[in-house]
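Architecture and fold: a report
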Amino acid sequence: MASLKGKDILHGNQFSKKDIDAIIKVAAGFEKELKGKGALNLLKGKILATLFFEPSTRTRLSFEAAMQRLGGGVISMASAESSSAAKGETVADTAMTVAQYADAIVIRHPRIGSAKEAADAADIPVINAGDGAGQHPTQALLDIYTISKELGSLKNLKISLVGDLKNGRTVHALVEILSLYGAQLFFVSPGLLKMPEEITAHLKSKGAAIVETEDLAYAASQTDLVYMTRIQKERFSDLAEYERVKGSYVVNAGFLAALKKDLTVMHPLPRVDEIHTEVDSYAGAAYFRQVRNGVSIRMAILAMIFGKR
Ligand code: NCD
């Protein structure tokens, strides 16, 4: 992908290292440019539609904030229940309809592949903000931006990804990007929630170094950063199974003290119980800085798909 202009953003594997470096540069540039200003005029007259058929706080609000910070407008629906999806309209028909009103679409939907369906139907750029247990590429971009800021470089990365690796779309997208940087990856999960075999096999075929373990303390001792995730309760068909694995991994003050080293802690949020609030004041707790980076990265993505950067 030479440029993001007019492109859909659907999957973590669609980016080259060059793309990611360019997106990070644009995001960092916007952070400087926005200082002391409420908004820029870059996307004046453009409209972004946000279609969220699953709950969201950060992804939706940060896209809407990013669009407004760039001087563009946003149209949206209150919820899936208030859209015609509740009457049985397909994702493709919804996307074709919204394409008559807006210049780009951000969509979140519970079904894997739904964002691709929207993109195939609509003749405007479509951004996948989470398709079920599939992918969440813009989260992965804000995550790699955060990693570069927190660790100061994207070289010699040693990272633990922890929790629901089976259903977590943020980790599914992030590992694709991390593998481009030759990162050493520790996949930490209960046996039931392991990273899907096809993803692990695909990463290994690209030369990724992966250790799979159930032991968080061991993985944390071997890595510089732990990326915690929520056990994705809504993806379990058997809630007894959820009860068995919930609370599997917890980062608290005692855990960090026992490690005897600086560890960076990230989380896409929302958290349930996997990071105690006492960790929030710890210098390495990066998850709210991660949230803030989401606006800059989404400004970069929007400006680039509209060909303004
Ligand atoms: C994540 C998601 O929706 O996949 N949240 C987010 O976008 N920041 C993670 C989660 O729900 O656990």
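**Comments concerning the packing of aromatic side chains**
Using the criterion set out here, one finds three aromatic pairs in the structure. An angle of 65° between the planes, with centres 6.1 Å apart, marks the rings of Phe 186 and Tyr 218 as edge-to-face. Of this pair, Phe 186 sits in strand 6 (residues 184-188) while Tyr 218 sits in helix 8 (residues 216-222), and the two are 32 residues apart along the sequence. Of the residues examined, Tyr 218 reaches a relative accessible area of 37% and is grouped as partly exposed.

**With respect to the sheet that holds strand 7 (residues 209-213)**
In spatial order, the strands read 7-6-5-8-9; together these five strands make up an open sheet with parallel pairing. Among the strands making up the open sheet, the edge pair consists of strand 7 and strand 9 (264-266). Strand-to-strand twist across the sheet, computed as the mean angle between neighbouring axes with direction ignored, equals 20°. Pairing of strand 8 (residues 225-228) with strand 9 involves three bridges; the strand directions are parallel. Each residue of the ladder has a partner; that of Tyr 227, found in strand 9, is Met 266. On top of the sheet, helix 5 (residues 137-151) reaches strand 5 (158-162), strand 8 and strand 9; it is set at about 165° to strand 9, its chief contact.

**A few points about the side chain of Thr 50**
One can find Thr 50 in strand 1 (residues 47-52). Judged by its relative accessible area of 0%, Thr 50 falls in the buried class. Within polar-contact distance, the side chain of Thr 50 engages the side chain of Ser 76 at 2.7 Å. For Thr 50, the residues in contact, after removing those within four places along its chain, are Arg 60, Glu 64, Val 74, Ile 75, Ser 76, Met 77 and Val 106.

Calculation rules
Residues numbered from 1 in each chain as written. Predicted model: local features only at pLDDT ≥ 70, side-chain atom pairs only at ≥ 80, totals over all residues. Heavy atoms only, no water. Phe/Tyr/Trp six-rings, centres within 6.5 Å; stacked < 30°, edge-to-face > 60°. Helix = DSSP H or I, 4+ residues; strand = E, 2+ residues; numbered from the N terminus. Buried < 20%, exposed > 50% of the residue type's maximum accessible area, 1.4 Å probe, protein only. Pairing = 2+ DSSP bridges. Axes fitted to C-alpha atoms, helices over the stretch in contact; angles between N-to-C directions. Contact = heavy atoms within 4.5 Å. Polar contact = N/O pair within 3.5 Å; in protein donor to acceptor, adjacent residues only side chain to side chain.

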